[in-house]
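Remarks on the overall topology
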Amino acid sequence: MIRKMSRNRRTTLIFAGFVTAVAAAFYPIFFHPMTHVHEYKQVQTTNRAGINQADVQPVGELVPLHLRSQLHRVKVWSDPFKSK
């Protein structure tokens, strides 16, 4: 004997499945980096070794001549994990 699933139960299961899918998608993007900060700091240190920030910063030659006097206001990129 096959029982029909009630409309409310089906809606609840669909909604729960959607919430689960969104949570599963957000975990590697948002929650994993927040819980493994030390690991990401080590990766950034390794990736940025030997890089001169002034050489990589895309400001200088791309800025029009009339705006170059304002370059002193542009902040050089820095460590995102450093406290402000």
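Residues numbered from 1 in each chain as written. Predicted model: local features only at pLDDT ≥ 70, side-chain atom pairs only at ≥ 80, totals over all residues. Heavy atoms only, no water.

**So, the overall build of the protein chain**
Tallying secondary structure elements over the protein chain gives three helices and zero strands in all. Counting across all 84 residues of the protein chain, residues that qualify as buried make up 4%. Total accessible area computed for the protein chain in this model is approximately 8100 Å², and 62% of it derives from carbon and sulfur atoms. (Helix = DSSP H or I, 4+ residues; strand = E, 2+ residues; numbered from the N terminus. Buried < 20%, exposed > 50% of the residue type's maximum accessible area, 1.4 Å probe, protein only. Areas by Shrake-Rupley, 256 points an atom, 1.4 Å probe, with all protein chains shown as cover.)

**Quick word on the packing of aromatic side chains**
The description of an aromatic ring pair rests on the distance of the ring centres and on the angle between the ring planes. Enumeration according to the criterion identifies one aromatic pair in this entry. Here the aromatic rings of Phe 30 and Phe 31 are separated by 5.0 Å at their centres, their planes lie at 85 degrees, and the arrangement is edge-to-face. Accessibility expressed as a relative area gives 42% for Phe 31, which makes it partly exposed. (Phe/Tyr/Trp six-rings, centres within 6.5 Å; stacked < 30°, edge-to-face > 60°.)

**Examining helix α1 (residues 7-35)**
End to end, α1 covers 39 Å across 29 residues, agreeing with the expected 42 Å (1.5 Å per residue, within 8%). The axis of α1 is deflected most strongly, by about 60 degrees, at Tyr 27, and proline Pro 28 appears within four residues downstream. (Expected span 1.5 Å × (residues − 1). Bend = angle between axes of the 7 residues up to and from the residue.)

**Side note on the packing of α1 against helix α2 (residues 37-47)**
Where α1 meets α2, the closest approach of the two axes is 5 Å, and the angle between their N-to-C directions is 90 degrees. Classified by the angle their axes make, α1 and α2 are roughly perpendicular. Residues His 32, Pro 33, Met 34 and Thr 35 of α1 form the contact with α2, whose participating residues are Val 37, Glu 39 and Tyr 40. Residue composition of the contact of α1 with α2, grouped by class: four nonpolar, two polar and one charged. (Axes fitted to C-alpha atoms, helices over the stretch in contact; angles between N-to-C directions. Parallel < 35°, antiparallel > 145°, perpendicular 65-115°, else oblique. Contact = heavy atoms within 4.5 Å. Nonpolar A, V, L, I, M, F, W, Y, C, P; charged D, E, K, R; others polar.)

**A closer look at a nonpolar patch on the surface**
A surface patch of nonpolar side chains, about 1100 Å² in accessible area, is lined by Phe 15, Phe 18, Val 19, Val 22, Phe 26, Tyr 27, Ile 29, Phe 30, Phe 31 and Met 34. Considering the arrangement of structural elements, one finds Phe 18 in helix α1. Using a relative accessible area of 55% as the deciding quantity, one classes Phe 18 as exposed. (Patch = residues over 30% accessible without salt bridge, like charges linked within 9 Å, V, L, I, M, F, W, Y side chains within 5 Å. Salt bridge = Lys/Arg side-chain N within 4 Å of Asp/Glu carboxyl O.)

Don't take any of this as a statement about function, it's just geometry.
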